[in-house]
Amino acid sequence: MILNKNTAKKTAEFLLQIKAIKLQPQNPFTWASGWHSPIYCDNWISLSHHKTRTYIQEQLAKAIIKHFNKPDIIAGVATGAIAHGILVAQALELPFVYVRPEPKKHGRKNQIEGYLDKGQNVVVVEDLISTGKSSMQAIKALRESGASVKCLLSIFDYNFEVAKKRFKKENVSVYSLSDYNHLIELATENRFILKSEEQVLKNWRLAPQKWKPWQL
């Protein structure tokens, strides 16, 4: 769920302008999962652009205060959301931890890096939600440590049904600055893509795991 329509479009516009999001219906990408995709989102690129980075930091921080009150701590999902999570924690003058996909094999064998007390209220920051698997792993680790997860807040959400079902099953509230629907709407309006490419992008999102480039 997005928090604000204007913010959703502005965030999408920033990400398209700096090419953190690339739309290539005619020359699709291959994700690490093996899925073929006409879109690729790399929010790390936003960190190299002061205006975009600052906007994301401000909007995430404002959203937390406005909708969830000030939590005790901010948690970032490793590795994509560590930097953005730190920026948000800094803006709110809050502690920060980050959560690994799994515990380390050596040393203290931590999965959660940083100091976290049982019973603390946590807002989890994620850079990108696709299937929701990595986000849910982080949330489970936080809950198992005794933390109370208030919500998951991301920069961008693909709106995949598999993620929605996963979060609903685990009773997790999820919000994003922007999402796939607003991205495609903005991209079409501002001619980042051709009108003929819009339907390709919409069809892909309905069944991304089955979509093949030769279906174009």
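The paragraphs below set out a description of the structure included in this document. (Residues numbered from 1 in each chain as written. Predicted model: local features only at pLDDT ≥ 70, side-chain atom pairs only at ≥ 80, totals over all residues. Heavy atoms only, no water.)

1. Some details on the pairing of strand β8 (residues 121-129)
- For β8, the tally of buried residues reaches seven of nine residues, placing the bulk of the element in the interior.
- By the bridge criterion, four bridges tie strand β5 (residues 73-77) to β8 in an arrangement that is parallel. Bridged to alanine 75 within β8 is valine 124.
- Pairing analysis gives eight bridges linking β8 to strand β9 (residues 148-157), with the strands arranged parallel. Paired with valine 123 across the two strands is cysteine 151, which belongs to β9. (Buried < 20%, exposed > 50% of the residue type's maximum accessible area, 1.4 Å probe, protein only. Helix = DSSP H or I, 4+ residues; strand = E, 2+ residues; numbered from the N terminus. Pairing = 2+ DSSP bridges.)

2. Details of unusual backbone geometry
- Between alanine 78 and threonine 79 the backbone carries a cis peptide bond, its omega angle lying at -5 degrees.
- By the element assignment, threonine 79 lies in the loop between β5 and α3 (82-92).
- In this structure, asparagine 159 takes a positive phi of about 65 degrees despite not being glycine.
- Position of asparagine 159 among the secondary structure elements: in the loop between β9 and α5 (161-169).

3. Examining the layout of surface pockets
- For the largest pocket, the calculated volume is near 660 Å³.
- For the lining of the largest pocket, the secondary-structure elements that each account for two or more residues are β4 (39-41), β8 and α4 (133-144).
- Here the element with the most residues in the lining of the largest pocket is β8; it accounts for four residues.
- Grouping the amino acids of the lining of the largest pocket by side-chain chemistry returns 11 nonpolar, nine polar and four charged. (1 Å grid on protein atoms, 1.4 Å probe; cavity = no way out; pocket = protein on both sides within 12 Å on 5 of 7 lines; lining within 4 Å. Points joined across faces, edges and corners; volume = space filled by probe spheres on them. Nonpolar A, V, L, I, M, F, W, Y, C, P; charged D, E, K, R; others polar.)

4. Regarding the sheet that holds β5
- Spatial ordering of the open sheet is given by β7-β6-β5-β8-β9-β10, a layout of six strands whose pairing is mixed. A strand with exactly one partner marks an edge of an open sheet, and here the two such strands are β7 (112-113) and β10 (174-179).
- Running at roughly 55 degrees to β10, helix α1 (residues 5-17) makes contact with β9 and β10 of the sheet. (Contact = heavy atoms within 4.5 Å. Axes fitted to C-alpha atoms, helices over the stretch in contact; angles between N-to-C directions.)

5. What about the nonpolar core?
- Ranked by size, the top nonpolar core spans 42 residues in total, and within it Ile21, Leu23, Ile74, Tyr158, Tyr180 and Leu183 carry the most contacts.
- Among residues more than four places away in sequence, those in contact with leucine 183 are Ala12, Leu16, Ile21, Leu23, Ile39 and Phe156. (Core = buried A, V, L, I, M, F, W, Y, C linked by side-chain atoms within 4.5 Å.)

6. What to know about helix α6 (residues 180-189)
- Most of α6 is tucked away: seven of the 10 residues are buried.
- Taken together, the buried positions of α6 are occupied by Tyr180, His182, Leu183, Ile184, Leu186, Ala187 and Thr188.
- Taken together, the buried residues of α6 touch α1, β1 (21-23), β4, β9, β10 and α7 (195-206).

7. Brief notes about the environment of lysine 150
- By secondary structure assignment, the location of lysine 150 is in strand β9.
- Assessed through its relative accessible area of 28%, lysine 150 is described here as partly exposed.
- Distance from lysine 150 to serine 173, taken between C-alpha atoms, is 7.5 Å for residues 23 residues apart in sequence.
- Look past the residues within four positions of lysine 150 in its chain and what remains in contact with it is Phe68, Asn69, Pro71, Asn121, Val122, Val123 and Ser173.

8. Let's talk about empty space enclosed by the protein
- Enumeration over the complete set of coordinates arrives at one cavity of 30 Å³ or more.
- One number sums up the size of the largest cavity: a volume of about 30 Å³.
- In terms of lining, the largest cavity is formed by Val77, Ala78, Val99, Arg100, Pro101, Ser134, Gln137 and Ala138.
- Tallied by class, residues from the lining of the largest cavity come to five nonpolar, two polar and one charged.

The analysis is restricted to geometry; functional conclusions fall outside its scope.
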